[in-house]
Amino acid sequence: MGARAVNARLRRGDPVDPDELRAFAKGLADGSVSDAQAGAFAMGVCLRGLGEEGRVILTEAMRDSGDVLRWDLPGPVIDKHSTGGLGDCVSLVLAPALAACGAFVPMISGRGLGHTGGTLDKMEAIPGVSAQISEEKLRQVVGEVGCAVVGATGRIAPADRRLYAVRDVTGTVESVDLITASILSKKLAAGLEALVLDVKCGSGAFMKSGDEALALARSLVTTANGAGCRTAALITDMDEPLAPALGNALEVGISMEVLSGNRDAAPRLHDLTVALAARALALTGEDEDAAAARVSDAIASGAAMERFARMVALLGGPPDMDADWRAHLKRAPVVGDVVAPADGVLTAWDGEALGLAVVAMGGGRQVETDRIDPAVGLSDVRPLGTRVARGEPVATAHAADEASAEAAAQAVQRALTLGEGFAGPDLVIGRVEP
Ligand code: URA
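Residues numbered from 1 in each chain as written. Predicted model: local features only at pLDDT ≥ 70, side-chain atom pairs only at ≥ 80, totals over all residues. Heavy atoms only, no water.

Here we take up the domain arrangement of the chain. The domains assigned to the chain are domain 1 (2-49), domain 2 (78-325) and domain 3 (334-419). With 16 residues of domain 1 at the contact, the number on the domain 2 side is 11 residues. When the two sides are added together, the surface that domain 1 and domain 2 hide from each other amounts to roughly 1,000 Å², 72% of it contributed by carbon and sulfur. Where domain 1 meets domain 2, there are 1 salt bridge. Here D35 ties to R162 by a salt bridge, and the two come within 2.8 Å at their closest N and O atoms. (Domains from an automatic or database assignment. Contact = heavy atoms within 4.5 Å. Buried area = accessible area lost by both parts, 1.4 Å probe. Salt bridge = Lys/Arg side-chain N within 4 Å of Asp/Glu carboxyl O.)

Now the structure itself:
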């Protein structure tokens, strides 16, 4: 009766009943709600919407469908979530930087989705790392190091896992209400005090327009705050890769460069990491400018690198990642430049096409069961605004074989636009405050 009643209310456009929605989420988790009922629900939400209150109720109900972590630690428990982009390895730098600033970061991360990379796949590009760990191990690593970048245990928001799989095959992924509840149910189950969101906007993001990104950012911020977690969002540019490297080991490598204090290796990655970490610390009461200075220092001094290396060692990776990371990361056998087909200024990258080129090289999954090749991808991707002459490199391809390198070179050339004059958007385009 419960699932039918929920769907009947949605059909009529009536407000949702909190108790019925909670029972529905439990039913998703324990299997008593059928796939047909879940599909009808997802379509009902897509067509009718839940409204602000209903979105909070669904998020809380999905969060509470599994374990919700509680912490007793001598500092704030905080995290960051990105809606997904290219060369976005912020998590690998931000989590240890926040830990070095005295915060605790249980960062439950996901795998690559579509053309975008996933933090979990990046962590697993480090030999030996096992990011799929028990709650007990998560507590140990967070307690000892201050951060753990890992996958969700099977007991985190099981209602979302079920509903996401149904949405995937029923054409109901693209609903701001459902995306909001899906993202937040998992993040809030980690028991956070504050959360900063990085909502990406541009050719390499899922949200291509500023209006779409703003709508999602507002929905996420109001819902997370409504569910009791202090949350703010930055809307950030994704018209070009955030770091000049795409692909799992290559993104770990560029993150290690930044953690070595080499800001110039990836200035946009560095600066956005500092901005997001400072916003997260400010949500716990710290002055934002002072927090930004502390985070920059933690990166420049090597304190963040030290945390990262200890985390990697506890997760089963090499014991000396800080000293010898170049030796540990797998390299592709074929490495070659991709050159500009004409003279001009780089005025646009088709970000989605770049991401798909890396997926086609084996750096992402075409189907869920695909194995990722951590070594492949692109490096030295030139930033927008760079003037190039015909035949000059615009990127370097790292491929498993010559044919794959050639296909990637063609895809990269198709993804670029050469013109004259360029004035790009700011890295941080907007903010949504609690
Ligand atoms: N990521 C999620 O976790 N859920 C969505 O619905 C979309 C992106």
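Glancing now at the packing of aromatic side chains. Under the criterion given, the structure shown has 1 aromatic pair. Measuring from ring centre to ring centre gives 4.4 Å for F24 and F41, while their planes differ by 35°; the resulting arrangement is tilted. One end of the pair, F24, is in helix α2 (residues 18-30); the other, F41, is in helix α3 (residues 35-48), with 17 residues separating them in the sequence. For F41, a relative accessible area of 0% translates into the label buried. (Phe/Tyr/Trp six-rings, centres within 6.5 Å; stacked < 30°, edge-to-face > 60°. Helix = DSSP H or I, 4+ residues; strand = E, 2+ residues; numbered from the N terminus. Buried < 20%, exposed > 50% of the residue type's maximum accessible area, 1.4 Å probe, protein only.)

Moving on, we come to the side chain of S65. You can see S65 is positioned in the loop between α4 (51-63) and β1 (78-82). One polar contact links the side chain of S65 to the main-chain amide nitrogen of A159, over a distance of 3.1 Å. When residues no more than four places from it in sequence are discounted, the contact partners of S65 are A25, K26, A29, A157, P158 and A159. (Polar contact = N/O pair within 3.5 Å; in protein donor to acceptor, adjacent residues only side chain to side chain.)

One can find A233 in strand β5 (residues 230-237). For A233, a relative accessible area of 1% gives the class buried. With 199 residues separating them along the chain, A233 and V432 place their C-alpha atoms 5.0 Å apart. When residues no more than four places from it in sequence are discounted, the contact partners of A233 are L197, V199, A217, V221, G430, R431 and V432.

Moving on, we come to the UniProt feature "domain: Pyrimidine nucleoside phosphorylase C-terminal" (unreviewed entry) in the chain. Taken from the UniProt record, the annotation "domain: Pyrimidine nucleoside phosphorylase C-terminal" (unreviewed entry) applies to residues 345-419. With 36% helix and 28% strand, the stretch residues 345-419 has end C-alpha atoms that lie 5 Å from each other. (UniProt positions renumbered as here; feature names shortened; annotations may be inferred.)

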